[in-house]
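Observations on chain architecture
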Amino acid sequence: MPDESSAYKAPVQRQWVPECLRALPDAVHDRAATETQEDRRTMTSQAPMPWQDRPAGSSAPMWRNSGNPIIRRDLLPHSNSIFNSAVVRYEDAFAGVFRVDDMTRTMDVHAGRSADGLVWRIEERPIDFAPADARTAHIQERFVHAYDPRVTWLEDRYWVSWCNSYNGHGPTIGLGWTTDFSTFTQVENAFLPFNRNGVLFPRRIGDAYAMYSRPSDDGHTPFGDIYYSESPDMIHWGRHRHVMAPVPWTWQSTKVGAGPTPIETAEGWLLLYHGVLTSCNGFVYSMGVALMDLEEPWRVIARSHDYVLAPHAPYEQVGDVPNVFFPCAALTDGDRISVYYGAADTVTGLAHGYLNELIDFARRR
Ligand code: BMA
């Protein structure tokens, strides 16, 4: 009889789950395990999306909400400005992560709730991210500044990506998640400094999580292309691919950066993005639209020749940074789309349109 206790035993093969995903509370884990993604989607908000019809006589590809700016700069007692913010459906209503610059001009991200997507209750205190593991806390400490958040429902939770001034080493892509917009967990930064505009895809591409980002510099960055990266676990990012560059002598000649979470359509991912022109009075930020290949989203199928919306309204032209139209989030309802954008680095606006018209607009010459 062989002595079984001394015989080699192959290690039990377990499916490897990264620390950041394992940290999901048991209740949420159980729910995620028994519900399909579609169940979760249909369980989420049935609240009507904020919407206004196209104004009579307009043929523009998108139009502004007549209540703009929907979030004013001084909504909070200590806020200097509230802009470049992310909104999603949550339960029977809406929730979001908001960029709030306070009166010391510290940039930070705050959670907020709304019944209708128009009137917002934003927390006075910034989000206090709990580190996913002790190493994250030790290595990263709390960021110095956080700004320009995006929020993406991905599999079983809402992921937040933001521009994270990592311990003073310069901007890069911060990542964290929440299931309830009350408690938030931070995982390690996705990339090295300097990088901005990290925007996650709402599903895996092949078997990998995917993100657009825009490598930058430590300042106001007079250049910038969009890149695509993949990760097996939301921690390790690679397979970096170039996506799109600025177009000389146009509204998007200086730099481009992804805006809201890409929207899946039958014809491809619809990507709203910002494009920047350098005028004799500084940068001008406008919004464009592109259609990206569904399975290889680094491939551009079509890209708008003209801007979709540019800073033409007074609250987009006048503010702490003039002439900025900076989209960070979109809600959809069938073919309708409502886009949340930062205006003049000061207030938050809302614009409306139709997906099929935006796809046509991306293809139009
Ligand atoms: C970018 C970012 C944005 C800002 C824009 C215009 O570099 O910092 O937050 O809206 O500049 O100032």
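Residues numbered from 1 in each chain as written. Predicted model: local features only at pLDDT ≥ 70, side-chain atom pairs only at ≥ 80, totals over all residues. Heavy atoms only, no water.

A short note on the confidence of the model for the protein
As a reminder, the rule being used: Values of pLDDT, ranging from 0 to 100, describe the predictor's confidence in every residue of the model. Segments assigned H or I by DSSP are reported as helices when at least four residues long, segments assigned E as strands when at least two residues long, and all are numbered from the N terminus. Residue contacts are counted whenever heavy atoms from the two residues lie within 4.5 Å of one another.
Averaged over every residue, the pLDDT of the protein is 90; residues scoring 70 or more account for 88%. Predicted confidence in the protein is weakest over helix α2 (residues 26-34), with a mean pLDDT of 41, and strongest over strand β21 (residues 336-343), with 99. A low-confidence stretch, residues 1-17 (pLDDT under 50), is modelled with 4 contacts involving residues beyond four sequence positions or located in other chains. Under a pLDDT of 50 for its full length, residues 25-43 has, in the predicted model, 17 contacts with residues more than four places off or in other chains.

Structural notes on the environment of His305
As a reminder of what qualifies: To sort residues, take the accessible area from a 1.4 Å probe on protein chains only and compare it with the maximum for the residue type: under 20% means buried, over 50% means exposed, and anything in between is partly exposed.
Along the chain, His305 turns up in the loop between β19 (300-303) and α5 (314-317). Here His305 falls in the exposed class, since its relative accessible area comes to 51%. Sequence separation between His305 and Gly288 is 17 residues, and the spatial gap between their C-alpha atoms is 8.3 Å. Aside from chain neighbours lying at most four places away, what touches His305 is Trp251, Gln252, Arg364 and Arg365.

Topic: the pattern of salt bridges
Counted only if it meets this: The term salt bridge refers to a pairing of a side-chain nitrogen on Lys or Arg with a carboxyl oxygen on Asp or Glu at a separation within 4 Å.
Counted according to the given criterion, the structure contains 16 salt bridges. With a closest N to O distance of 2.9 Å, Asp148 and Arg99 form a salt bridge. With Asp148 in strand β7 (residues 145-154) and Arg99 in strand β3 (residues 93-102), this residue pair connects regions lying 49 residues apart in the sequence. In this structure, Asp148 and Arg99 share a single accessibility class: buried. Several salt bridges share partner residues, and in doing so they unite Arg73, Arg105 and Asp320 into one network.

Quick look at the pairing of strand β17 (residues 268-279)
Put simply, the rule reads: The criterion for strand pairing is that DSSP finds at least two bridges linking the strands in question.
Most of β17 sits out of view: 9 of its 12 residues are buried. When strand β15 (residues 255-258) meets β17, the two strands line up antiparallel, connected through 4 bridges. Among the inter-strand pairings, Lys255 is bridged to a residue of β17, identified as Val276. Alignment of strand β16 (residues 263-265) against β17, held across 3 bridges, turns out to be antiparallel. Residue pairing for β17: Glu264 is matched across the bridge by Trp269. Connecting β16 to the next strand, β17, in antiparallel fashion are 2 residues. Here 11 bridges tie β17 to strand β18 (residues 282-292), and the two strands are oriented antiparallel to one another. Residue pairing for β18: Trp269 is matched across the bridge by Met292. Count of turn residues in the β17/β18 antiparallel hairpin: 2 residues.

Here we look at unusual backbone geometry
Omega for the peptide link from Asn68 to Pro69 comes to -10°, which places this bond in the cis form. With respect to the secondary-structure elements, Pro69 resides in the loop between β1 (62-64) and β2 (79-90). Note the cis peptide between Pro193 and Phe194, where omega equals 5°. As for its position among the elements, Phe194 is in the loop between β10 (184-187) and β11 (195-200).

Some thoughts on helix α6 (residues 355-363)
To keep things clear, this is the line we draw: Arc, as used here, means the arc of the directions from the helix axis to the C-beta atoms.
The set of residues buried in α6 consists of Leu355, Leu358, Ile359, Phe361 and Ala362. When α6 is viewed along its axis, its buried side chains cluster within an angular range of 160° and face the same direction.

Describing the sheet that holds strand β6 (residues 129-131)
Working definition: the strands of a sheet are paired by backbone hydrogen bonds and lie parallel or antiparallel to each other. This is how the line gets drawn: Fitted lines through C-alpha atoms serve as axes, helices being fitted only where they are in contact, and the angles separating the N-to-C directions of these axes extend from 0 to 180 degrees.
Reading across the sheet, the 5 strands line up as β6-β10-β9-β8-β7 and stay open at both edges, with mixed pairing between neighbours. The open sheet terminates on both sides in strands that have one partner only, identified here as β6 and β7. Each adjacent strand pair in this sheet contributes to an overall mean axis angle of 35°, direction not counted.

Examining the site of the ligand
As a reminder of what qualifies: A single heavy atom is enough: if one lies within 4 Å of a molecule or strand, its residue is considered near that molecule or strand. Between N or O atoms, a polar contact is any pair within 3.5 Å; within protein, one atom must be a potential hydrogen donor and the other a potential acceptor, and residues adjacent in sequence are included only when both atoms are from side chains. Polarity classes work like this: nonpolar for Ala, Val, Leu, Ile, Met, Phe, Trp, Tyr, Cys and Pro, charged for Asp, Glu, Lys and Arg, and polar for all others, with Gly in that last group.
In the vicinity of the ligand, the contacting residues are Asn84, Arg99, Tyr147, Asp148, Tyr285, Val321, Val324, Phe326 and Asp345. For the ligand, an oxygen atom lies 2.6 Å from a polar atom in the side chain of Asp148. Contact distances for the ligand include 2.6 Å between an oxygen atom and a side-chain N or O atom of Asp345. Its residues placed into classes, the shell around the ligand shows 5 nonpolar, 1 polar and 3 charged.

Focus on the sheet that holds β2
Strand order across the open sheet formed by 4 strands is β2-β3-β4-β5, with antiparallel pairing between neighbours. Strands with a single pairing partner mark the edges of an open sheet, and in this sheet they are β2 and β5 (121-122). The pairing of strand β4 (residues 107-114) with β5 spans 2 bridges and is classified as antiparallel. Bridge pairing in β5 links Arg113 to Arg121.

Observations concerning the environment of His110
Relative to the elements of secondary structure, His110 occurs in strand β4. We classify His110 as buried; its relative accessible area is 5%. Put simply, His110 and Ile82 are 28 residues apart on the chain and 9.7 Å apart in space, counted from C-alpha to C-alpha. Once residues within four sequence positions are removed from consideration, His110 is found in contact with Leu76, Gly96, Val97, Phe98, Val100, Ile122, Glu123, Glu124, Arg125, Pro126 and Ile127.

Brief notes about the packing of aromatic side chains
Aromatic ring pairs are reported here in terms of the distance separating the ring centres and the angle at which the planes meet. Basically, it comes down to this: Only the six-membered ring of Trp is used, alongside the rings of Phe and Tyr, when aromatic pairs are assigned; centres must lie within 6.5 Å, and planes under 30 degrees apart are stacked while those over 60 apart are edge-to-face, with the rest tilted.
Scanning the model with the defined rule gives 24 aromatic pairs in all. Ring centres 5.3 Å apart and planes at 70° place the aromatic pair Tyr90 and Phe181 in the edge-to-face group. Residue Tyr90 is located in strand β2, and its partner Phe181 is located in the loop between β9 (171-178) and β10; the two are separated by 91 residues in the primary sequence. Using a relative accessible area of 9% as the deciding quantity, one classes Tyr90 as buried. Consider the rings of Phe325 and Tyr341, whose centres lie 3.7 Å apart with planes at 10°: the pair is stacked. Taken together, the residues span a long stretch of sequence, with Phe325 in strand β20 (residues 325-333) and Tyr341 in strand β21 at a distance of 16 residues.

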